[in-house]
Amino acid sequence: MAAPLDMEPSALSLELLPTDPLLLILSFLDYRDLMSCCCLSRRLNQLSSHDPLWKRHCKKYWLISEEEKRKQNQSWKAVFISTYSDLGRYIRYYATLKKAWDDLKKYLGQRCPRMIGSLKESVREEDLDAVEAQIGCKLPDDYRCSFRIHNGQKLVVPGLMGSMALSNHYRSEDLLDIDTAAGGFQQRLGLKQCLPLTFCIHTGLSQYMALESVEGRNKYEIFYQCPDQMARNPSAIDMFITGTSYLEWFTSYVNKVVTGGYPIIRDQIFRYVHDKECVATTEDITVSVSTSFLPELSSVHPPHYFFTYRIRIEMSKDALPEKACQLDSRYWRITNAKGDVDEVQGPGVVGEFPIISPGRVYEYASCTTFSTTSGYMEGYYTFHCLYYKDKFFNVTIPRFHMVCPTFKVSTARMVSGDAETNHNEYAVDEEEDSTDTDEYEDRRRVLDIPAPSGRCPRHT
C-alpha cells in the first residue's frame, strides 16, 4: 500500500550516518569548525578527535613532521592545540614564513654554511611585547611571527639579506635581531615611527619598516631612506620602496635566493637580477648580463640613479681549440629614458684583456649612472683570434635594461615648496648622463672599505 501523499520524509541527521562517511565529511572542515563539532554531541566529539583529522591541520598550519610529533609523544590533536596556544595569533603567517626559513637554511647550508651559523634562536612572546612597550608602537604579526622562528642574525659579514661589491664600494646587509632593531627605532622627522630591518656595517645603510602611516608612507611599507640633497629641510627624506609588508618582503627575497635568482659568489648572496632575454651568442661565444640597482649610491633629488651590471662571457666547451681568442676592446651605446644616447669605446674591460678558450668563463662587474629613472645599454666586444692573429671579429653584448624601483618623494620637501610633483619619472638635464666604468670594477674580490662619495668614477 502506497504511503499517504501528505507524509513528509524525516530530516537526515548527521548522527545517523555511518562512521566512515561522517569522518570523510569532517576531513573537509577547517580547524575552527572541527573544534566546534566537539561541542555538538558526544558522537561528534568522539569523531572530531580522530587523530588523522588533526594530522592534516598540524602539517598545513605548523609544518609539523612525523618525527617532531613522535618527539612530543602526543596525539595530533594535542600537538595542534599546544602549538596553537603558543603561536595561534600567527596562524595566517606561520606556515609561509616557516617554509621560507626552512628553504633558505637548506639552500644556504649547502652553499654558505657559515651564514647559517650567524642566525639567532627564536624569541618569546614576552620579548616582543617588551619591545612594543619600549618603542610605543605595535609590531605587525607577520614580523613578530618571523622572529618567533629566528631572531634575525648576529652583526657579521656576510649579511643574510644580500651583498654587493665594486672595487670602491662594498655592501652587505644583516637581518637585525629584535633588540638591535628596537635600539634603532626612529622618531625623528623624516623617519618617524620607522623600525630598521637590516643594517650594513660598511655603509650604514638600512631598510626600514613604517609602523604607522605618517610622512607619506603606508603602514608596514618597507624602504631604503634617501636624503634629499637639494632640499633645505634636513628632514626631507625620499624613499626607495622595497616591500609592502614584511611577509611579502621576506618571502620574495627568499624565493629569489633559493631559486637561483641571486648568485652565490664567494659564500655571499649577491643581489644581481638576471633577465633570461639578456643573452646573446656570437658563433661560439655567449654573453649574458645581470643587473642591480644600488640605492645607497643613488638619489632622487638631484636625479642620480646608480646601477651595477655583471657580465658573463663564455665560450662553448664544444668549440674547436683554434677558436681561442682574446678581447681587445669594447663599445657601448647607452640610452636614457629621454632617448639621449652616449657612446663609449675603450681598450679591454676593467683594465684586462681576457683570453677566452673552449669551456672557459670570464666574469666581471661594472657600473653606470643615469639622470633618468631608467635606461638601457648594448654594444659589442672586439676579439682577435690567437691562432690567426690578423682575424678580428665582434661579439654582441645584448641590450639590457635598468629600472629604478618605485620611490616616494619626501612630504617635507613638498610641504616646504621645494618640489612640485611626486612621481616616479623625475629627471633633469645633465651635461653627462651615463658612464661606463669598467676600469673601476672588482672582478674577483670583496673589499672592506669606507663608503664612497656616491658618484660612479668617470670613464677615462
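Heads up: these notes are all about the structure in this document. Owing to the predicted nature of the structure, the values given are computational and were not obtained by experimental measurement. (Residues numbered from 1 in each chain as written. Predicted model: local features only at pLDDT ≥ 70, side-chain atom pairs only at ≥ 80, totals over all residues. Heavy atoms only, no water.)

Time to look at the nonpolar core. Core analysis: the largest hydrophobic core is formed by 62 residues, its most contacted members being Leu108, Leu139, Tyr143, Leu160, Tyr246 and Phe250. Counting residues per element, this core draws most heavily on helix H7 (residues 94-111), at 7 residues. Residues lining this core come from more than one domain, with at least three contributed by each of domain 1 (19-89) and domain 2 (94-258). Each residue touching leucine 160, except ones within four places of it in the same chain, is listed here: Trp101, Leu104, Leu108, Met115, Leu119, Gln153, Glu173, Asp174, Leu175, Tyr253 and Ile269. (Core = buried A, V, L, I, M, F, W, Y, C linked by side-chain atoms within 4.5 Å. Buried < 20%, exposed > 50% of the residue type's maximum accessible area, 1.4 Å probe, protein only. Helix = DSSP H or I, 4+ residues; strand = E, 2+ residues; numbered from the N terminus. Domains from an automatic or database assignment. Contact = heavy atoms within 4.5 Å.)

A few words on the packing of aromatic side chains. Taken as a whole and judged by the stated rule, the model has 28 aromatic pairs. Ring centres 5.4 Å apart and planes at 45° place the aromatic pair tyrosine 31 and phenylalanine 80 in the tilted group. Here phenylalanine 80 lies in helix H6 (residues 76-87) and tyrosine 31 lies in helix H2 (residues 31-37), a separation of 49 residues in the sequence. The two residues tyrosine 31 and phenylalanine 80 agree in class, both being buried. When the centroid spacing of 5.7 Å and the interplanar angle of 65° are considered together, the rings of tyrosine 309 and tryptophan 332 count as edge-to-face. Note that tyrosine 309 is positioned in strand S13 (residues 305-315) and tryptophan 332 in strand S14 (residues 325-336), a separation of 23 residues in sequence. Of note, arginine 111 hangs over the ring of tyrosine 107, and the distance from its end group to the ring centre comes to 3.8 Å. (Phe/Tyr/Trp six-rings, centres within 6.5 Å; stacked < 30°, edge-to-face > 60°. Lys NZ or Arg CZ within 6 Å of the ring centre and 35° of its normal.)

Two numbers describe how H7 lies on helix H10 (residues 141-149): the axes approach to 10 Å, and their chain directions differ by 45°. Classed by the angle they form, the pair H7 and H10 counts as oblique. In the packing of H7 onto H10, the handedness of the crossing is right-handed. Counting all contacts with H7, which are made through Tyr94, Leu97, Lys98 and Trp101, the residues of H10 involved are Asp142, Cys145, Ser146 and Ile149. Partitioned by chemical class, the residues of the contact of H7 with H10 number 5 nonpolar, 1 polar and 2 charged. (Axes fitted to C-alpha atoms, helices over the stretch in contact; angles between N-to-C directions. Parallel < 35°, antiparallel > 145°, perpendicular 65-115°, else oblique. Left-handed = near helix turned anticlockwise from the far one by under 90°. Nonpolar A, V, L, I, M, F, W, Y, C, P; charged D, E, K, R; others polar.)

Helix length check: helix H4 (residues 51-62) (12 residues) gives 16 Å between terminal C-alpha atoms against 16 Å at 1.5 Å per residue, within 8%. If you follow the buried residues of H4, they end up packed against helix H1 (19-26), H2, helix H3 (42-48), H6 and H7. Two residues or fewer past H4, leucine 63 is found with a positive phi of approximately 55°. (Expected span 1.5 Å × (residues − 1).)

Following both chains from N to C, one finds H7 and helix H12 (residues 246-258) inclined at 30°, their axes separated by 10 Å at the closest point. Taken together, H7 and H12 sit at an angle that is classed as roughly parallel. Considering the relative orientation of H7 and H12, their crossing is left-handed. The residues of H12 that touch H7, namely those facing Thr96, Leu97, Ala100, Trp101, Asp103, Leu104, Tyr107 and Leu108, are Tyr246, Leu247, Phe250, Thr251, Val254, Val257 and Val258. Class assignment for the residues of the contact of H7 with H12 results in 12 nonpolar, 2 polar and 1 charged.

Further remarks concern the pattern of salt bridges. Enumeration according to the criterion identifies 26 salt bridges in this entry. In this structure, lysine 99 engages aspartate 103 in a salt bridge whose closest nitrogen and oxygen atoms are separated by 2.7 Å. In this pair, lysine 99 and aspartate 103 both sit in helix H7, 4 residues apart, roughly one turn of the helix. For lysine 99, a relative accessible area of 48% translates into the label partly exposed. On the basis of relative accessibility, which here comes to 29%, the residue aspartate 103 falls in the partly exposed class. Here glutamate 378 and arginine 399 are joined by a salt bridge, their closest N and O atoms 3.1 Å apart. (Salt bridge = Lys/Arg side-chain N within 4 Å of Asp/Glu carboxyl O.)

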